[in-house]
Each structure stands twice: as C-alpha cells, then as structure tokens.
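Examination of the molecular architecture
Spelled out, the chains give:
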Amino acid sequence: MIVMDPDIRYCLFLGTYRPVESGVTKMLGSIQSYGVRVVSLKVSCIEKESVNSLISENLCIPPSLCQSLSTTVHSKTGGFILFAANFFQSLYEEGMIRFNLNAGNWEYNVNDIKQRKLPADVVQHLSERMARLPKNIQSLLKTAACLGFEFDANLLQKATKVSMLELVPYAIESGFLQEIPSSNKLVWAHDQIHLAAYELIPLNKRPSSHLLIATRIYMNTSSDEILFRVIFDVVNNMHVGLHLITSQAQRNDVARLNRIAGMKALVSSSFDTAAEYYMVSVGLLAGDCWTSNYESTLALHQEASDALFVAGDFEHLKNVIDEQLTHANCFDDKLQAYYCLVRFLYTTSNSNQAMEKTRFILGELGVTFPEATPDLIYRELLSTKALLANTSQQDFLKALRLTDKRMLWTMRFMHKFMKYLFSVNTSLLPLVACRMIRMSSENGCSCDSAMGFVAYGWAALNILQDIEEAYKWAKLCLLLPEILSSPALLPKLTCYFHSFTSFFKEPIQASCDALRKTHQELLMVGDVQEAFIASFNHCRQMLFAGIDLVTVDKHCASTTLEMTKFAQVHGNLSTSSHHLVILKLIGSDFTKNPFEAFKGVLTEEIRNEDDLLQHAVSTGKAGVVQAIRFNRLFLAYWFKHYEEAAEMAALYKTRTMMPLIDIYHAFYEGLTAFHFARQLSEDDPEKWFRLGEKSLACFKTWVMHSTWNWENKYLLLEAECHFSKGQLDKAKKKYYLAIKSARQHRFVHEEGLANELFSVFHTSSGNTDKENYHILQAQFCYERWGAFAIVERLVKTIVARKK
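Rules used in this analysis
Residues numbered from 1 in each chain as written. Predicted model: local features only at pLDDT ≥ 70, side-chain atom pairs only at ≥ 80, totals over all residues. Heavy atoms only, no water. Helix = DSSP H or I, 4+ residues; strand = E, 2+ residues; numbered from the N terminus. Buried < 20%, exposed > 50% of the residue type's maximum accessible area, 1.4 Å probe, protein only. Areas by Shrake-Rupley, 256 points an atom, 1.4 Å probe, with all protein chains shown as cover. Core = buried A, V, L, I, M, F, W, Y, C linked by side-chain atoms within 4.5 Å. Contact = heavy atoms within 4.5 Å. Phe/Tyr/Trp six-rings, centres within 6.5 Å; stacked < 30°, edge-to-face > 60°. Lys NZ or Arg CZ within 6 Å of the ring centre and 35° of its normal. Polar contact = N/O pair within 3.5 Å; in protein donor to acceptor, adjacent residues only side chain to side chain. Salt bridge = Lys/Arg side-chain N within 4 Å of Asp/Glu carboxyl O. Axes fitted to C-alpha atoms, helices over the stretch in contact; angles between N-to-C directions. Parallel < 35°, antiparallel > 145°, perpendicular 65-115°, else oblique. Left-handed = near helix turned anticlockwise from the far one by under 90°. Disulfide = S-S within 2.5 Å. Pairing = 2+ DSSP bridges. Nonpolar A, V, L, I, M, F, W, Y, C, P; charged D, E, K, R; others polar. Expected span 1.5 Å × (residues − 1).

Along the protein, the regular secondary structure elements total 41 helices and five strands. When the backbone C-alpha atoms are referred to their principal axes, the protein occupies close to 115 × 75 × 50 Å. The proportion of buried residues among the 803 residues of the protein is 53%. Accessible area for the protein stands at about 37400 Å²; split by element, carbon and sulfur atoms hold 54% of it.

In structure tokens:
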C-alpha cells in the first residue's frame, strides 16, 4: 500500500541480504526494471585492528600484547564479526583461553589455537558449539528454532514436555536469544544463530519435530486461545510434518485447523495467506469426503473459492469451482460456485460469458426478462417511480430484511447481472433494477437491494432525465449499511454514488477524494472488483477536475500495478486507454507503456490503443469501445484536430450510458460544433449550430443542479455560440464569466481553455494586445495543469501568429 500510494513521492527501504541468496538478487533486478533506483552497499568484514580491540577489551590487556591472538582469530574467521566473537567464546569454553589465578592474567597458546580446526562457515561452527552444551539447553534451542525467528515465551513453554523457561536466561546470557522490551517475546540474536540452532535437528527428524511441537501447543492450549492466538503457530508447524499424518481422522483435524487459520487470515485481509491455508485444508480431505462429510466439505470449498478469487489464484480457483459443481447435491448448493465462476469470467475479460452464465442461473432461479424495448423500459421506470413515491424515507429505513436464502442469491446474481450489462449491453439494465426494487419492496431488503436502487437512480438519470430522483435514492442508499448491520457494504455504495451520481450535485473534486479513500476501504474488505471501479473513476475524475497531471499519472500507474497484481484484466482495459490520455497531455516520451499490463495475459497481443480497440470490438465490450472513443475525442479537441474530434463525437452517439463522460462528450462536441459553425468553408453551418445548441440545452439543465461543476462549461459554450453567430458583445461577456467561473471553481485546465478561446476571439477582431494577454494566461494555466504537450502546441501557435 505504501509503494502504490501516489501521494508518497519518496520512500526509502533498507534491507540486508547475502550474495548467495539468488532469489533476492533476482528480485532486486526486477525492481530496477521498473525504474526504481537500487543502491548496493557491500558490508565488509571487520579489520584485524577491530578484532584486536575486541579481544583486548574482553581480556583487559593492552592491544599490543594480544596482537598475535587477534591475528590468528581474524585469519581463521575471515573477520566475520559473528564468527569471530563465537570462535573467541568457544576458545574460552574449551579451555584454550584460561585465567591464571596465581599470575592474575589470561593465558593462551597461539600455536595450539592455530592448530584448532574450524568448519567452513559460521552456522556449522555455531552448531558445533551448541552441540557441546548440556542436553536440556540443546533441547530448548531446537524447540525455539522451530517456533521461528521471533516467538512468545509462553508458546515455548507449551511446546516443551517439561518446563524450560528457567533455562531461557542462560540462552540470553550466552548471546543466543534476546528479550523484546515491554513484551513477553523472545527473538534470536542473529538469523545465523537461529539457523545454527535449527541445524542441531537432523534433517530426517525435522518434520517429526515440527509435528510434535505443533501437537504439544495444540494439546496445551484452550480452544479459545487456539482460535485467537496460536492458530498460525500450530498449523505452520504441522505443515512441515504433514506427510507424516496418515490417519484420516487426524488429517481431518488438521484440515479443520487450516480452515480456521484461513478464516482468521481473511479477517486480517491477508488474502494470499488465507488462500494457502484453504488449499492445504482441501488437500487433506478424504477421497469420499463429499459423501461421508458433505456439509463441511461444501462449506470448505465455498470459503476456499472466495479466498482464491480475492487472492487472484485463478488456477486453483477453477479446480475448486469444478469440484463443487461436480459434487453438489442440488442446484442451490451450486450457487456459491456459480457466483465465483461468473466473477472469475468477468475479471478475466470474458464479459459476454459472464453475462450469459448469469442469465442462465437467474432463469434457473425463476427470473426471466422480456425484450427490453424503449417503451417497456420507460413504462417500467415510471411504474417504479410511482411505487417509490409512496415510500417515505422513514418507511425505507424501517424496511423488512430479506431472509429467504434462495431469494438472497437471486438478488446477488441480479446485482452481478447489472454490472455485466453495464459493460456489454445496458438496454436491459433498467428492467433488472426495477425488478430488484419490486422484489425488495415485497420481500424485504438485502445488501444487494441497495445496488438495485443505485441502478434505478442511474436509469432515472439517463432515461427519465430526472437528476433529483437519481440523487435522492443514491444518497438514501448510503444509509442502508447501518440498517442492515452491514458496514462492509458502505464502501461499495460510496463507490457507486461518487462514480455515477454525486457529481450532478456535488463538487467533482470532493468526489475524487471520496473515491480514493473508498478504494482503500474496498481492498481491506476484499471487494476487489469494486475497489478498482473506485480507482478507475478516481483517475478519470482527477482529469476532469483539473488536478495536476503528474499526480494523475502516478495514480493511473499505481492503479494499473494493483489491477495487475489482483489479476483484474477487465478493469485494466479502460484504465490503460485513460492513462494514455494523461501521458499524451503531459508530453511523455513514452518510456511508460500503459499497455504493458496485457503482456501474456490475453490470447491476442495488445501493444497499443488500436489493438485494444480491436479487442474490445471483437469481444463486445461496448463500454471499453466508448471509453476509447471519448478519450480520442478529448485528445483531438485539446490538440485542435477538429475533424477527428467531430468524427469521434459522432461515433460516440451509439453509446453505452456513462453519465460523467456523457456530460463531457456533450461539452467537447458542442465546442467542436461551434468551431465548425463559424468556418466559411462549411456547406451546412446549421447542422453544426443544431449540434452546438443541443449541448447548450443539456448544460442549461445540468447547471441548475450544480453551478460548481457545470457553470463555467455552460458559459464557455454560450460564448462560443455567440461568437459563431457574430454576437460579439455577448460573446465577450460570456468569455469573461467563463474564465472567472473556472478559476472560482478550481478548474485550472478549463480556465486555460476559456482564455485560449477568448484569444481566438480577439484574433478575429484584430485586438492583438488582448489576444496576447489571454494566450499567455492560457499557457500559464496549462503549465499549472502539467499539460506540457498542450503548452508546446500553444507556443507553436504564438510563434506562427508572430510570423
């Protein structure tokens, strides 16, 4: 999370590793390939003088008198401090360094020490030194080694047959273990000491040692403590000796413990770890588990598939889903597997398959939909509006809770069906939303009912053009999590509210902040798909809000990295095209390639936006197609490629309904239309006036609901309209007001655009001073926005005008 947070500009990580650890070297190479600077500092062994000081201080003799001894110790240990210190300690323990009470000083024979044979590395030396310790101390060290680098002292007590806590002070005094202040925990003094203690256990005895320790901890711990404190210590030790457990009854017990560990890991948002525990649990089941223990086997597979989906382990997920679909006794018992399956299909960019499979499941649940004609949709929406008109806010808040299990699953699949329809074909979406509201009204509300209300609001917005109705129900839905005692639902509803509705009434900058926070909250509860809906819309709204493009670029890059990590292929499709817009505005040299995320993921190669568009068209991803067309309209207008802008605006007509970019489509189409309307070469200027005035009419409605977001755009369209009609005094006034409104509402990019268009206005009237003033103001705004490619275009325009 720290690395992917775009607000954290610099982060210093310090780590240590040994050159022999090839995995770390490979990882560092991978990190460097992303442009991260890695500085390697080689920590050398200590010099002879340092060893001499160490021995001098310990023996309380002048450095000159122990020079020969320190030279020998340094030579034998290579100056490795841990090796040198322990070799020196072992010389004392073996009597090769001894204190002469009569003479009152230390004695040693350097020649004897030179003849002392040493193992090749410190671990073996430490192991040999430990092997000379009393048996009970060795037993303590071996048990502690199995518990990990850091462990609880009480756990050590539980892991031993007899009490060993009284031996811990000796291990601490000997430099093997250390106490962690203000805790009951112990930690090894060095990882090599930990490894040396572990080496005391013969290789063939290690599995049984771990298994014995796990069993002792389990037997010496209460049920509640196992659940809340030591479950991971128990199962992690059992894993080492798993192959030694041959009794199916014992394997079932271990499977149960791994399932508990998986549940606890999920609660902690450790999704990868949870998936591993669940897979161990599944692997321990008996061959006849589906017949001998059907209920718990089904529940385990259901939990495992949920964990695997969130962790993005799709290879194992498919196998677990297949197991459930093969062995489940009835259709209702297959519903959870089907639910994971359709989410998997959608996530892996198989939207059409996900939609068709969901429709089949809904049919099996008794829910079918007629052909979605415009007349039927309109009548259904009016009927639902009338139904809700009789429902007060208090009635809504006191609604019954849906408890029927089959009906709950029906609502869940309808919720998913709406999501897939949004990506592929929105025509049926209003009917699904209305059906969900009617079912909720008749049978009670569930968490998924909220999404029905959100979708109804979306349809009311796009089809009934009723902004107040849409906003009312979307806002009211934010109260449902508390009513349904489901706080985890709130981030999802917040995501949809700010992605599709809030900006009609509330400042878009506030929506940006809310979506960013919501993204993190959704990830924490494992709602990966919605997390990236929030993240993508956050990136998109940052662009429209005029936020510094370098910051937007960082957010887009971090979103792509996260989506790739969680195998969210579908979400990356639109994100990559949007990121390309940002890079082109900044004027990137394209060392960054937003399409790298698709390498080796899809069957066809996607190297650029043209490949992405072809993929989206061939696979029926209408939402992605329209996002690309809007992005091209946006860029074409900003770079003054008016012919392309008009073409993209026209292609966007047969669009998937996406409220926010619908608004900006109207804005840029209107500006493009007024540009062509005043061109003398145009044969049909009335066609362009009709298009421009249609955009004006839309903004006249929208600005009544939010002056903050839409006033400056409405004023700029009015200015362009008056300019195109030759109404110069009116145009001049509107340009001034558009600039003022954009500045007041913090749309720096649109302040720049209004200045640039006002400059064009003055060019036509020959007012050079005003022309130069406003074009310089535009340049200043674009620089603040971070659109350096637009600045470059503007500079070329200034130079051309001077010539």
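There's more to say after this.
Another aspect to go through is the nonpolar core. Counting 143 residues, the largest nonpolar core has Met 130, Leu 141, Trp 188, Phe 413 and Val 432 as the members making the most contacts within it. With residues near it in sequence (within four places) discarded, Trp 188 still touches Leu 141, Ala 144, Ala 145, Gly 148, Phe 149, Phe 151, Phe 176, Leu 177, Ile 193, His 194 and Ala 197. The next biggest cluster of nonpolar side chains, apart from the first, holds 81 residues, and it includes Tyr 637, Ile 663, Ala 787 and Ile 798.

The next subject is the packing of aromatic side chains. In total, this model carries 39 aromatic pairs according to the counting rule given. Plain terms: the ring middles of Trp 409 and Phe 413 are 5.9 Å apart, the flat faces sit at 35° to each other, and that makes the pair tilted. Here Trp 409 pairs with Phe 413, and both are found in helix α22 (residues 405-424), just four residues apart, close to one helical turn. The class of Trp 409 is buried, set by a relative accessible area of 11%. Taking the ring centre of Tyr 339 as reference, the NZ or CZ of Arg 412 above it sits at 4.1 Å. Sitting over the face of the ring of Tyr 637, Lys 640 holds its NZ or CZ atom 4.1 Å from the ring centroid.

Turning our eyes to something else, we now look at the environment of Arg 132. Structurally, Arg 132 can be placed in the loop between α6 (122-131) and α7 (135-146). What makes Arg 132 partly exposed here is its relative accessible area of 42%. Considering only alpha carbons, one finds Arg 132 and Glu 93, 39 residues apart in sequence, at a separation of 9.4 Å. Of the polar contacts made by the side chain of Arg 132, one reaches the side chain of Glu 94; its length is 3.0 Å.

A few words now on the environment of Leu 580. Locating Leu 580 in the fold gives a position in helix α31 (residues 569-586). The class for Leu 580 is buried, based on a relative accessible area of 8%. In this structure, the C-alpha to C-alpha distance between Leu 580 and Glu 609, residues 29 residues apart in sequence, is 8.3 Å.

Further remarks concern the pattern of salt bridges. Across all of its chains, the model carries 23 salt bridges by this definition. For Glu 303, the salt bridge identified is with Arg 259, shortest N-O distance 2.7 Å. In this pair, Glu 303 is assigned in helix α16 (residues 294-311) and Arg 259 in helix α13 (residues 248-267), connecting sequence segments 44 residues apart. The closest approach of N and O atoms between Asp 306 and Arg 343, which form a salt bridge, is 3.1 Å. Of this pair, Asp 306 sits in helix α16 while Arg 343 sits in helix α18 (residues 331-347); the two residues are 37 residues apart in sequence, bridging distant segments of the chain. Among the charged side chains, a salt-bridge network with shared partners connects Glu 609, Asp 610 and Arg 632.

In this section: unusual backbone geometry. Residue Ser 269 is not a glycine yet carries a positive backbone phi of 65°. You will see that Arg 746, though not glycine, has its phi angle at about 65°, which is positive. Within the fold, Arg 746 resides in the loop between α38 (728-744) and α39 (748-765).

Right, let's get into the packing of α18 against α22. Their axes nearest at 11 Å, the elements α18 and α22 cross at an angle of 15°. With respect to α22, the axis of α18 lies roughly parallel. Crossing of α18 against α22: the hand is left-handed. In contact with Asp 332, Leu 335, Gln 336, Tyr 338, Tyr 339, Val 342, Arg 343 and Tyr 346 of α18, α22 contributes Arg 406, Trp 409, Arg 412, Phe 413, Lys 416, Lys 419, Tyr 420 and Ser 423.

Looking now at the state of the cysteines. Counted according to the given criterion, the structure contains zero disulfides. Looking at the unpaired Cys 447, the closest cysteine sulfur is the one in Cys 445, lying at 10 Å.

Pairing of strand β1 (residues 97-100) with strand β2 (residues 105-108), which is carried by four bridges, proceeds in the antiparallel orientation. Looking at β2, one finds that Ile 97 is bridged to Tyr 108. Following β1, the chain reverses through four residues before pairing antiparallel with β2; Gly 104 in that reversal takes a positive phi of roughly 75°.

Running from N to C, helix α37 (residues 707-724) and α39 cross one another at 15°; their axes reach a closest spacing of 11 Å. As far as their axial angle goes, α39 and α37 are roughly parallel. As α37 runs across α39, the sense of the crossing is left-handed. Counting all contacts with α37, which are made through Asn 712, Lys 713, Leu 716, Glu 720 and Phe 723, the residues of α39 involved are Glu 750, Leu 753, Ala 754, Leu 757, Val 760, Phe 761 and Ser 764. For the contact of α37 with α39, a count of residues per class yields seven nonpolar, two polar and three charged.

Taking strand neighbours across the sheet as the criterion, the three strands line up as β3-β5-β4 in an open arrangement whose pairing is antiparallel. If you trace the sheet from one side to the other, it starts and ends with β3 (150-152) and β4 (177-179), each paired once. Ignoring which end each strand starts from, the neighbouring axes of this sheet average 30° apart. Strand direction decides the pairing type here: β3 and strand β5 (residues 185-188), joined by three bridges, are antiparallel. When the sheet's bridge partners are listed, Phe 151 is paired in β5 with Leu 186.

Relative to the elements of secondary structure, Ala 778 occurs in helix α40 (residues 768-785). Looking at Ala 778, the relative accessible area reads 0%, which means it is buried. For Ala 778 and Thr 763, which are 15 residues apart along the polypeptide, the C-alpha to C-alpha distance reads 15 Å.

On to α37. Its 18 residues give α37 an end-to-end C-alpha distance of 24 Å, which sits within 8% of 26 Å, the value for a rise of 1.5 Å per residue. In terms of burial, α37 is a largely internal element, 15 of the 18 residues being buried. One or two steps after α37, the chain reaches Gly 726, where phi turns positive at roughly 80°.

Along the chain, Ser 535 falls in helix α29 (residues 528-544). Other than its neighbours up to four places away in sequence, Ser 535 contacts His 519 and Thr 559.

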